[in-house]
Amino acid sequence: MKKSTTQRSIAIAGTAAALTLAGTLIPGAAQAGPKVKFGSTLDATVQPSNSVPGLYCDPLNLAATCSFVMNEAYGRPDGGEKSPVTGTLKKVRVISGTAGSFQLQLVKARQIAGEWQAKVKATGPEITVVGQGDANWDNDSYRVEKFPVNMHIKKGWRLSMVSTKTSAVRCSSGGDNTLLYQPPLQSGSDYRNATGDDGCWPLIEGVVKQ
């Protein structure tokens, strides 16, 4: 039996409405939130200068462990060391001179009466880096290593690395670009004064999804 003109019109209208609905819902569901980077600006041109054999927590006690807290970001001065948004830390990117490992921390820092203080807000995974090969040094093209993470992060938190030493640094400046906390900062503890600082920039970058 043939459909009447009225029936055909209703069917066409219903199909058009369904397509319009799909067109508005599907892209919206697939749309990802914006991603924001903080920490040092990293690409293949950033040399981990003077990073070998590494920045030690204590050159007089090579077994000492500490938290290396970013206090200034290479390529992102004036606040780039802090996450500008609240969201999920999805990835960290690292340039390291040599192989090594560290435990990732997210910390909050403040300066009181000239003293830098910090406390742990979240503890992340242990990260193992490969570092640079001879070809990287010879060609001035440096390996940027990427590591997936999934950590809640709030605006203002910073990246920290826990290890005896780190080669994920660029040592070509002075000042307090890295804050040292020995022994390492511990989850659940209150703010502590830094036990030292160093002019090397930590070469670590965070990618946050809002």
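Overview of the structure.

About the cut-offs
- Residues numbered from 1 in each chain as written.
- Predicted model: local features only at pLDDT ≥ 70, side-chain atom pairs only at ≥ 80, totals over all residues.
- Heavy atoms only, no water.
- Disulfide = S-S within 2.5 Å.
- Buried < 20%, exposed > 50% of the residue type's maximum accessible area, 1.4 Å probe, protein only.
- Helix = DSSP H or I, 4+ residues; strand = E, 2+ residues; numbered from the N terminus.
- Pairing = 2+ DSSP bridges.
- Axes fitted to C-alpha atoms, helices over the stretch in contact; angles between N-to-C directions.
- Salt bridge = Lys/Arg side-chain N within 4 Å of Asp/Glu carboxyl O.

### Notes on the state of the cysteines
Here's step 1: Throughout the structure, instances matching the rule amount to two disulfides.
Here's step 2: Disulfide pairing places Cys-57 opposite Cys-66 at an S-S distance of 2.1 Å. Since a negative S-S torsion denotes a left-handed disulfide, the Cys-57-Cys-66 link at about -85° is left-handed.
Here's step 3: A residue is classified by how much of its surface remains accessible, and Cys-57, at 10% relative accessible area, is buried.
Here's step 4: Here Cys-171 engages in a disulfide with Cys-200; their sulfurs sit 1.9 Å apart. Between Cys-171 and Cys-200 the sulfur-sulfur dihedral comes to about 110°; the bridge is accordingly right-handed. Of this pair, Cys-171 sits in the loop between strand 10 (169–170) and strand 11 (178–181) while Cys-200 is found in the loop between strand 13 (196–198) and strand 14 (201–202), placing the two residues 29 residues apart along the sequence. Each member of the pair Cys-171 and Cys-200 is classed as buried.

### Re the sheet that holds strand 5 (residues 100–112)
Here's step 1: Across the sheet, seven strands lie side by side as 12-6-5-8-3-11-13; this open sheet has antiparallel pairing. With one partner strand each, in any of the chains shown, strand 12 (192–193) and strand 13 form the two edges of the open sheet.
Here's step 2: Here four bridges tie strand 3 (residues 66–70) to strand 11, and the two strands are oriented antiparallel to one another. Each residue of the ladder has a partner; that of Met-70, found in strand 11, is Thr-178.

### Focus on the sheet that holds strand 15 (residues 204–209)
Here's step 1: Strand order in the open sheet formed by four strands is 1-15-4-7, and the pairing between neighbours is antiparallel. Each edge of the sheet is formed by a strand with only one pairing partner; in this case those strands are strand 1 (35–39) and strand 7 (145–153). Across the sheet, the axes of successive neighbouring strands diverge by a mean angle of 25°, strand direction being ignored.

### With respect to the pairing of strand 11
The two faces of the sheet receive side chains in turn, since in a regular strand these alternate between them.
Here's step 1: The two faces of strand 11 match: Thr-178 and Leu-180 on one face and Leu-179 and Tyr-181 on the other face are all buried.
Here's step 2: Across three bridges, the pairing between strand 11 and strand 13 is antiparallel. Bridged to Thr-178 within strand 13 is Asp-198.

### Thoughts on the pattern of salt bridges
Here's step 1: As enumerated under the stated definition, the model contains three salt bridges in all.
Here's step 2: A salt bridge links Glu-205 to Arg-76; the nearest nitrogen and oxygen atoms lie 2.9 Å apart. One end of the pair, Glu-205, is in strand 15; the other, Arg-76, is in the loop between strand 3 and strand 4 (87–94), and 129 residues separate them in sequence.
Here's step 3: By relative accessible area, which is 21% here, Arg-76 ends up partly exposed.
Here's step 4: We note a salt bridge from Glu-81 to Arg-158, for which the minimum N-O separation is 4.0 Å. Of this pair, Glu-81 sits in the loop between strand 3 and strand 4 while Arg-158 sits in strand 8 (residues 158–163); the two residues are 77 residues apart in sequence, bridging distant segments of the chain.
Here's step 5: We classify Glu-81 as buried; its relative accessible area is 8%.
Here's step 6: Accessibility expressed as a relative area gives 3% for Arg-158, which makes it buried.

Everything listed is a geometric property; what it means functionally is a separate question.
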